[in-house]
Amino acid sequence: MRNPVWNRDELTLALDLYVKTVGNPTGADFALVDQLSNTLNKMHRLSGVTGAETLRNRNGVYLKVMNFRRFDPAYLNQGKVGMQRGNRLEAVLWAEYDGKARDLAIDAEAITRAVNGADEAKVAKLPPAEPYEGEEGGVIIRLHKRYERDPKLVREKRKAAIEAGSLACEVCGFDFEAAYGKLGSGYIEVHHTRPVHTLKKGAKTKLGDLAVLCANCHRMAHRTPLPLSIDALKQIVLSKEEL
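Residues numbered from 1 in each chain as written. Predicted model: local features only at pLDDT ≥ 70, side-chain atom pairs only at ≥ 80, totals over all residues. Heavy atoms only, no water.

Some words on the nonpolar core
Step number 1: In terms of nonpolar packing, the biggest core is built from 36 residues, with Phe68 and Leu143 touching the most fellow members.
Step number 2: Mapped onto this core, the elements with two or more residues apiece are helix 1 (8-20), helix 2 (30-47), helix 3 (58-66), helix 5 (88-97), helix 6 (101-116) and helix 8 (139-148).
Step number 3: In this view, Leu143 contacts Leu46, Ala114, Ala118, Val123 and Val196; residues no more than four positions away in its chain are not counted.
Step number 4: Within the second largest apolar cluster, 14 residues are counted, among which are Phe176, Ile188, Cys217 and Leu233. (Core = buried A, V, L, I, M, F, W, Y, C linked by side-chain atoms within 4.5 Å. Buried < 20%, exposed > 50% of the residue type's maximum accessible area, 1.4 Å probe, protein only. Helix = DSSP H or I, 4+ residues; strand = E, 2+ residues; numbered from the N terminus. Contact = heavy atoms within 4.5 Å.)

Regarding the packing of aromatic side chains
Step number 1: Considering all chains together, one arrives at ten aromatic pairs under this definition.
Step number 2: An angle of 70 degrees between the planes, with centres 5.7 Å apart, marks the rings of Phe30 and Tyr62 as edge-to-face. Of the two residues, Phe30 is situated in helix 2 and Tyr62 in helix 3; the sequence distance between them amounts to 32 residues.
Step number 3: Of the residues examined, Tyr62 reaches a relative accessible area of 25% and is grouped as partly exposed.
Step number 4: Members of the aromatic cluster, connected to one another through ring pairs, are Tyr18, Phe68, Phe71 and Trp94. (Phe/Tyr/Trp six-rings, centres within 6.5 Å; stacked < 30°, edge-to-face > 60°.)

What about the pairing of strand 1 (residues 189-192)?
Step number 1: Neither face of strand 1 is exposed, since Glu189 and His191 on one face and Val190 and His192 on the opposite face are all buried.
Step number 2: Sheet topology note: the strand 1/strand 2 (residues 210-213) ladder contains four bridges and is antiparallel. Looking at strand 2, one finds that Glu189 is bridged to Leu213. (Pairing = 2+ DSSP bridges.)

Remarks on the pattern of salt bridges
Step number 1: Taken as a whole, this structure holds eight salt bridges when the rule is applied.
Step number 2: Through salt bridges that share partners, Lys64, Arg70 and Glu90 make up one connected network. (Salt bridge = Lys/Arg side-chain N within 4 Å of Asp/Glu carboxyl O.)

Below is the structure:
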């Protein structure tokens, strides 16, 4: 069984470790390599991905971190070239985060917290959720959408919205029943307003953490690595109306 190709989220964490260890993780840093190995393996378990026994083990993680040397001026200026083979995304991420160590650290922390804070047993019971075309599709979005697909919470949120008098989208006001009649009666999508990387393990979702959105607004909320807030979506819609 072959191990899967490293994805964007994994490489983001590997690059963050490279930067934090100034491109040279030594024996004292191997605890960090082991921590990253554990996080990456949990990430794959949450996604239902399996591989060989070597899947993201210490040696594999260390070598992947070292792959970034071939882009590092501090290393190249010594007349060295580093390992030339690697994932094409490595070059993309290096260019994207070049000179932006703080942004890299923030993104890596969000990914790490989302993975390490996830309850594997709970997630395994939730329906899978494939990303829409055009979405980032990273681990944060995938986990976020799986939490949104908890059938019990969806039913309770829709019921609460009906009792409050409206199933209209909380962003744009679209009402499926008004537009489609009986066919659209009782239909609306449910969006989790709290990013998964802010959820602590074992935290329970409240109805107040959910919003009802039309399909279009829901998809737009998921088109960024971190889901957009309801207020951010409203501002986007309002700004378009003012043009």
